[in-house]
Amino acid sequence: MPPMSGDNPNKTYWRSLDDLAETPEARALIEQEFPGGAWDRLDRASRRQFLKVMGASLALAGMAGCRWPKEQIVPYAYRPEGRTPGQPQRYATAMDLDGVATGLLVTSYDGRPIKIEGNPNHPFSLGAAGPIHQASILDLYDPDRSRTVVRREAGQEIKQGWDPFDAFANELFSELRKQNGKGLAVLSEAISSPSLVEMRQRLAKTMPEAKWYEYEPVSWDNEREGTKLAFGAAYRPHYRFDKAEIILCLDADPFMTHPAALRYARDFANGRRAHSGKMNRLYAVESVFSVTGAMADHRLRLRSDHVQALAIDLEIDLTRRGAMGLRSVQNARKEAAPNDARKPVSNFVNALAEDLVRTNGKSLVLAGQRQPASVHERVHQINAALKNIGRTVTYSTDGQADRPSHMSMITALAEDIRRGAITTLVILGGNPVFDAPADVGLADALKQVKTSIHLSLYDDETSVACSWHVPRAHYLESWSDARAYDGTLTIVQPLIQPLYGGRTPVEMLSTVLDARREKAYDVVRRTLARIKPSKDPERAWRQTLHEGLVEGTRWPTQNPRVHPPKQKTLVPSTQPGESARHNSPEEIVFTQDHSVYDGRFANNGWLQEWPDPMTKLTWDNTATLSPATAQALGVATGDKINLTLSGRSLAMPVYVMPGLADGSVAVALGYGRTRCGRVGDGVGFDAYQLRTTKTPGFAIGAKIERLAQPGKYPLASTQDQHPITPVGQESKRRRLGKLILEADLSEYKANPDLFQHAAHHPPLESLWTEHKYGPHRWAMAIDLSACIGCGACALACQAENNVPVVGKQQVANGRVMHWIRVDRYFAGDTDSPRVVHQPVTCMHCENAPCEQVCPVAATVHDHEGLNVMVYNRCVGTRYCSNNCPFKVRRFNFFNYRTGMTDTQKMLMNPEVTVRSRGVMEKCSFCVQRILAVKVQARNDRRPIRDGEIVPACAQTCPTQAIVFGDLADEKSQVAKLQKDKRAYRMLAELNIKPRTAYLARLRNPNPELPGRDAEKNHGHS
Amino acid sequence: MGCFSADGIAAPVNPFVFPKWSNLAVKAAPPLLGAAATYAVAVFALAASPQTTDVGYQPDQPVPYSHRLHAGELGIDCRYCHNTVEIATHAALPPTQTCMNCHKHIRASSEKLLVVRESYGTGMPIEWVRIHDLPGYAYFNHSAHVRRGVGCVSCHGRIDKMDVVYQAEKLSMGWCLDCHRNPDPRLRPLEYVTKLAWIPEEDQLVLGKRLREEWRINPSEDCSTCHR
């Protein structure tokens, strides 16, 4: 059990509670880099599970013998114009999630899409793509996707072709059309597609009695409902982080879970680089530790149910300062006796209010998706009072202003079914049986519907409850359209014919509307012609496909007037300060998962194995508690607890996470799937069982009991793995060169050279002859001030470099294969620590320790400074990894590609070797991308332009924290950054000369508030 | 100490005396060493033999297409069919369309062209057998070589004299490196890259050196150049 409070004086930065307490487990990970041998003890059942995760169909490889196999070359009979066989091509398309499109560019090799990147022209991608966007390509090739229409009747399951379904559907819907759609209902996911919206309107016209419902389990619907309260109608708020100097996030994570997160993160990070000596300042108030919270200059942990009270406190304070003149403070708060427990909160609010008032018009307040509409209403009012509206917050029309909230619609659907008003239900995507709130009872209600048709990628939980399952085409196989967050019309174009058949929602709805079954392509073209008429439609269409979007189709900006606030009582229901000390765990916070989203990506191995940015957990969700709450309950990480909420209960393992609000239990939604496929079935615990329509964000009054069980539930976290220790535990205490450097903006301004003297070492002499370099010296710079720790880089790398998925057991053994990892360091006290994220990948050291110990010269230096791995030479001694101070080398303990299906093989990047068992691998600085540009430039007899070579991690980074380039080119951005005053090299004292420089993290705390106190001595001891 | 005595009885193993089985080992050693040496020689000889490197590999092709006729006698430029060679990694095989550009008019009813016409009609590809086949972990880029004055003939031999194409060179790593270490004998002006029979008027080494310096050709011997 780690200590619950108090710093270990020897540790400024710690990776986890175990690390801080120096438990035997943490020490063992440092002493033994390749721990375990647990594989050898695996029983047969676990081994089977492992192979299943690998996607094993155990097809035997052909007896190829020693001769090379006879290979065929199959040229086109008719080569499409402009197509060069073997050359990658990129197409613009878009992914629609929660009714918001993110523009993407997808790389395709000879017709096989292999990599998703952001579309630089798209206003809500700006070239970046989040982890989910990038990993969605794995779903395309998922062998568990459904391939046939399935009819379920009287307990029987009949696989059918398309023809019987079409015959059935034609008859059914023509009958319904005759009856004006009486008894017909459509349940859709949130839609933004103008084509679907138009079809919905047509449905309302041709079948006036048909009903339409939309449901998303996880969304920012509350924000929208808040605008209804504040302005009397639904508007879509747009936050301008680039213009805001002071930002307050109330239980919000705009940089990770917001539909516009990529844009917001970019705008925010641009205000953190302190080029002009100015930085924005971020305050965060939240119950869970979010990615946004980790970036905050001041973070107040507060239970989600107390955030409203804090917002009221803030209103009162602003009113006192005359900033909010609309209400009078006439309540008890003034008389409230000063209370020690309340002090941190009142100080926080006080300093915050002062900052907000000072930066009138340049501040920004926003609330998160979990917070009820009433908090959002207050936030809009505060922004109005601070004159932020029109400056840092703008509003636009909402695409479907008349849409009720998702929660009310799913409730209405279940009620309508129970009333017997619905005989035919068409479910367009989604998985409502799994993810509808528990009190709706949708699964039971569905039994009353005579005909239910579920269009879905997988034959999932909802499909089995319906009478028909119809395979859906993946978005990379579909023609469609969608709206970006600001309404920009974005085209979804297919990269490949549907692999397993499959129809799109547009086609399905077309079946409902008339028997012709229009092609989605025609519908989308017609929609474009309607929205943006052109004299030359063919040219306009081609232009749109090329760009991926239609300029000038944003929703108009609106200037809604805030309704005068009603005379509500300004006495907070709960006093936030007291609650911060309150240890009874009674609040369950339902969080949107960073990996599986609402559960729909549960069968995606990349996402399951991608560590959560904050907890670093893979392959699971947990009941996440603060150290104090865990102590009060007498539980530790891995113990199981039972959560009971209004009669419903769920047993889950505990994960103790520093920085959580005491009394909050954070539970990620979307796990515990039972019918998603071989990867995701049975992974984690289904928190939807506790979620109700009344309390979709957080619920109070939970009962928590410890479950007596022998042993611990195994959790696979990557936070302790690959620890960087320069010289072992003992001397670490004396000689630890700082891996992370950070300072306050004021300190940095007072002494800009402070990072240059961080590491103390004698003059560095090399034992080796220094390498000679050719015309290029590739290098990287990573700005810790800009890195938000989202981990998109790790997924980009996985997709680009054919990095395998290894499964939970292997992750627990420390065998995760990611070439780039984001180290999460805590600093400060365990209750409320600060967090610094640090992406770590191969630094391509000029005096690389790995090269010095390889007995077979399998890792060598090239003339451009790359530390290259020669897989064919590697015999698997793993000496290199032992000697690597950064722990960035990964060993193939198994052939993780055993039994891949032919469809899965289509995903492999042909430019990168697929590694087999027994070889070491690591980051190559995306050597294939370097070479592609180099060859092109030399073919054209021109120099390589700066910024022309972009490795996958840097390409997708939402905040552009990673910069790659040529040090030999003095004008290159990377050369400039490496000379920046903030630049430092990790473990410089070892004289290994890493080619990657980090730029120290700057913070901009309010001098009025207590900030970092203990460690202000930046190595000058 | 004291683990052994003069009569050798007290200690079960005397560390200073070879155990008995070593007598047998001494006797067996010469033939074993001999066998190992033979094996090593055989392995290396086999690895370098034309059979292993597939020099002369000349599989049957689905169409009796003759490079000797087209490229040699008729003098069609390599790039008429392999038109991506200067811009792409692969010198792509031509689509059936390219064949039919001429053969719609010339020998339009020849029996030898049955497969080609069938492909043209059905849109199904012709399945050619690959001859020049590098291992999957070696990444070769045609454009990088052709645009730097390495002629087709350097790797593919006198295609213009082959009725059925065969592999003329070893295509082994050592063979690649020979040229990367010393490109001078194989560089030629760009206009002669596809002229298989071209012979320089001046000394090839003088020409090669001049071109290498003029174009600043500095072939890399780094592993990362071909392997990733």
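Residues numbered from 1 in each chain as written. Chains lettered and ligands numbered in written order. Predicted model: local features only at pLDDT ≥ 70, side-chain atom pairs only at ≥ 80, totals over all residues. Heavy atoms only, no water.

### Comments concerning the packing of aromatic side chains
All names here are of chain A.
Piece 1. Throughout the structure, instances matching the rule amount to 25 aromatic pairs over all chains.
Piece 2. Ring centres 5.2 Å apart and planes at 75° place the aromatic pair Phe-434 and Tyr-688 in the edge-to-face group. Residue Phe-434 is located in helix α14 (residues 432–435), and its partner Tyr-688 is located in the loop between β28 (664–668) and β29 (698–700); the two are separated by 254 residues in the primary sequence. The two residues Phe-434 and Tyr-688 agree in class, both being buried.
Piece 3. Ring geometry for Trp-479 and Trp-541: centres 5.6 Å apart, planes at 35°, overall tilted. (Phe/Tyr/Trp six-rings, centres within 6.5 Å; stacked < 30°, edge-to-face > 60°. Helix = DSSP H or I, 4+ residues; strand = E, 2+ residues; numbered from the N terminus. Buried < 20%, exposed > 50% of the residue type's maximum accessible area, 1.4 Å probe, protein only.)

### Some points on the sheet that holds strand β5 (residues 112–118) of chain A
Residues and elements named next belong to chain A.
Piece 1. The strand order β3-β4-β5 describes an open sheet built from three strands, whose pairing is antiparallel. Looking at which strands have only one partner, the edges of the open sheet turn out to be β3 (88–97) and β5. This sheet shows a mean twist of 35° between the axes of neighbouring strands, independent of strand direction.
Piece 2. Pairing geometry for β3 and strand β4 (residues 100–109), over 10 bridges, is antiparallel. Looking at β4, one finds that Asp-96 is bridged to Ala-101. (Pairing = 2+ DSSP bridges. Axes fitted to C-alpha atoms, helices over the stretch in contact; angles between N-to-C directions.)

### Overview of the packing of helix α6 (residues 194–206) of chain A against helix α17 (residues 505–513) of chain A
Each packed pair of helices is defined by two parameters, the angle between the axes and the distance between the axes.
Residues and elements named next belong to chain A.
Piece 1. Relative orientation of the contacting elements α6 and α17 amounts to 15°, with a least axis distance of 10 Å. Relative to α17, the element α6 is oriented roughly parallel. Taken as a pair, α6 and α17 cross one another with a handedness that is left-handed. Packed against α6, whose contacting residues are Leu-196, Met-199, Arg-200, Arg-202, Leu-203 and Thr-206, the element α17 presents Pro-505, Val-506, Leu-509, Ser-510, Val-512 and Leu-513 at the interface.
Piece 2. Looking at side-chain class alone, the contact of α6 with α17 contains eight nonpolar, two polar and two charged residues. (Parallel < 35°, antiparallel > 145°, perpendicular 65-115°, else oblique. Left-handed = near helix turned anticlockwise from the far one by under 90°. Contact = heavy atoms within 4.5 Å. Nonpolar A, V, L, I, M, F, W, Y, C, P; charged D, E, K, R; others polar.)

### Thoughts on the domain arrangement of chain B
How big an interface is tends to be expressed through the accessible area that disappears when the partners come together.
Piece 1. One can read the domain layout of chain B as domain 1 (14–47) and domain 2 (67–93 + 135–226).
Piece 2. Relative to domain 2 of chain B, the C-alpha centre of domain 1 of chain B lies at a distance of 47 Å. (Domains from an automatic or database assignment.)

### Remarks on the pairing of strand β34 (residues 821–827) of chain A
Residue and element names in this part refer to chain A.
Piece 1. With seven of seven residues buried, β34 is to be regarded as a mostly interior element.
Piece 2. Burial of the side chains of β34 extends over both faces: Arg-821, Asp-823, Tyr-825 and Ala-827 are buried on one face and Val-822, Arg-824 and Phe-826 on the other.
Piece 3. Counting the residues that bridge the hairpin from β34 to strand β35 (residues 834–840) gives six residues, and of these Gly-828 lies at a positive phi of roughly 95°.

### Here's the deal with the environment of Met-614 of chain A
All names here are of chain A.
Piece 1. Of note, Met-614 is situated in the loop between α21 (605–609) and β24 (617–618).
Piece 2. The exposure class of Met-614 is buried, given its relative accessible area of 1%.
Piece 3. The sequence separation of Met-614 and Asp-686 amounts to 72 residues, and the corresponding C-alpha distance is 20 Å.
Piece 4. Excluding residues within four positions of it along the chain, Met-614 makes contact with Phe-289, Ser-290, Val-291, Ala-294, Met-657, Arg-824, Val-835 and His-837.

### A word on the nonpolar core
Residues and elements named next belong to chain A.
Piece 1. Counting 186 residues, the largest nonpolar core has Phe-241, Ile-247, Ile-588, Leu-643 and Phe-886 as its most contacted members.
Piece 2. With six residues, helix α25 (residues 792–800) is the single largest residue contributor to this core.
Piece 3. If you look at the next biggest cluster of nonpolar residues, it comprises 37 residues, including Phe-173, Leu-184, Val-186 and Leu-528. (Core = buried A, V, L, I, M, F, W, Y, C linked by side-chain atoms within 4.5 Å.)

### Overview of the interface of chain B and chain A
Piece 1. Across the boundary between the two partners, chain B contributes 45 residues, which contact 38 residues of chain A.
Piece 2. The contact between chain B and chain A buries some 3700 Å² in all, and 50% of this surface belongs to carbon and sulfur atoms.
Piece 3. At the boundary of chain B and chain A, one finds three salt bridges.
Piece 4. Here chain B and chain A share 25 residue pairs in polar contact (both at pLDDT 80 or more) between them.
Piece 5. Elements that contribute at least two residues to the side of chain B that touches chain A include exactly α2 (50–53), α5 (96–103), α6 (114–122), β1 (128–129), α7 (142–146) and α11 (223–226) of chain B.
Piece 6. Looking at the side of chain B that touches chain A element by element, the count peaks at three residues for α11 of chain B.
Piece 7. Looking at the side of chain B that touches chain A residue by residue, the classes come out as 21 nonpolar, 14 polar and 10 charged.
Piece 8. By the bridge criterion, two bridges tie strand β2 (residues 72–73) of chain A to β1 of chain B in an arrangement that is antiparallel. Across the sheet, residue Gln-72 of chain A finds its bridge partner in β1 of chain B, namely Val-129 of chain B. (Buried area = accessible area lost by both parts, 1.4 Å probe. Salt bridge = Lys/Arg side-chain N within 4 Å of Asp/Glu carboxyl O. Polar contact = N/O pair within 3.5 Å; in protein donor to acceptor, adjacent residues only side chain to side chain.)

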